[in-house]
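# Residue-level structure breakdown
Given next are the chains, with one letter for each unit.
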Amino acid sequence: MKLYNTVMQYFWLVAAIVIFIVTSYKCFTEGTYKWVFYYIFVVIALMMFFLKKWMVKRMEKHMAFLESQRNENKE
């Protein structure tokens, strides 16, 4: 599961970078008015990256808490 979370986290970062590059290229070549609205997808992808990062840290803390609770109950 850790590998999946890492892959998905960086998928969103790569997606944001690729969308930013493509949208910027299209803005310069075809006009800003038509393509500027696609930057919202960059923002969404970045939000997904940081949300995934936050959720992974939160899950790791929760798993550590459960492990400490299990160790206390054994003693």
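Keep in mind it's a predicted model, so treat the numbers as computed, not measured. (Residues numbered from 1 in each chain as written. Predicted model: local features only at pLDDT ≥ 70, side-chain atom pairs only at ≥ 80, totals over all residues. Heavy atoms only, no water.)

## A word on the overall build of the chain
Helix and strand counts for the chain stand at three helices and zero strands. Reading the chain from its N terminus to its C terminus gives the helix and strand order α-α-α. Relative to the globule expectation of 11 Å for 75 residues, the C-alpha radius of gyration of the chain, 19 Å, shows a markedly less compact shape. Expressed along its principal axes, the backbone C-alpha trace of the chain runs to roughly 70 × 20 × 10 Å. Counting every position in the chain, which comprises 75 residues, the buried fraction comes to 16%. If you sum the accessible surface of the chain, you get close to 6400 Å²; carbon and sulfur atoms cover 71% of it. (Helix = DSSP H or I, 4+ residues; strand = E, 2+ residues; numbered from the N terminus. Rg over C-alpha atoms; globule rule 2.2 N^0.38 Å. Buried < 20%, exposed > 50% of the residue type's maximum accessible area, 1.4 Å probe, protein only. Areas by Shrake-Rupley, 256 points an atom, 1.4 Å probe, with all protein chains shown as cover.)

## Points about the packing of helix α1 (residues 2-30) against helix α3 (residues 39-74)
It is at 8 Å that the axes of α1 and α3 come closest, and there the two elements cross at 165 degrees. Between α1 and α3, the crossing angle belongs to the class labelled roughly antiparallel. The crossing of α1 and α3 is left-handed. Residue classes in the contact of α1 with α3 are distributed as 17 nonpolar, four polar and two charged. (Axes fitted to C-alpha atoms, helices over the stretch in contact; angles between N-to-C directions. Parallel < 35°, antiparallel > 145°, perpendicular 65-115°, else oblique. Left-handed = near helix turned anticlockwise from the far one by under 90°. Nonpolar A, V, L, I, M, F, W, Y, C, P; charged D, E, K, R; others polar.)

## Remarks on the side chain of Q9
Structurally, Q9 is set in helix α1. Ignoring sequence-local partners within four residues, the contact set of Q9 consists of F49, K52 and K53. (Contact = heavy atoms within 4.5 Å.)

## Digging into the pattern of salt bridges
A complete count under the given rule lists three salt bridges for this structure. With its nearest N and O atoms 3.2 Å apart, the salt bridge here joins E30 to K26. One end of the pair is E30 and the other is K26, both in helix α1 and four residues apart, which spans about a single turn. Residue class for E30 comes out partly exposed when judged on its relative accessible area of 42%. (Salt bridge = Lys/Arg side-chain N within 4 Å of Asp/Glu carboxyl O.)

## As for the layout of surface pockets
Taken as a whole, the largest pocket encloses approximately 410 Å³ of empty space. As for the largest pocket, its lining consists of 15 residues, and the residues nearest its centre are N5, M55, V56, M59 and E60. In terms of residue count, α3 provides more of the lining of the largest pocket than any other element does, 10 residues in total. Residue composition of the lining of the largest pocket, grouped by class: five nonpolar, four polar and six charged. (1 Å grid on protein atoms, 1.4 Å probe; cavity = no way out; pocket = protein on both sides within 12 Å on 5 of 7 lines; lining within 4 Å. Points joined across faces, edges and corners; volume = space filled by probe spheres on them.)

## What about the environment of N5?
By secondary structure assignment, the location of N5 is in helix α1. The exposure class of N5 is buried, given its relative accessible area of 17%. Along the sequence, N5 and M55 sit 50 residues apart, while their C-alpha atoms lie 9.6 Å from each other. Residue contacts for N5: discarding those within four places in its chain leaves K52 and V56.

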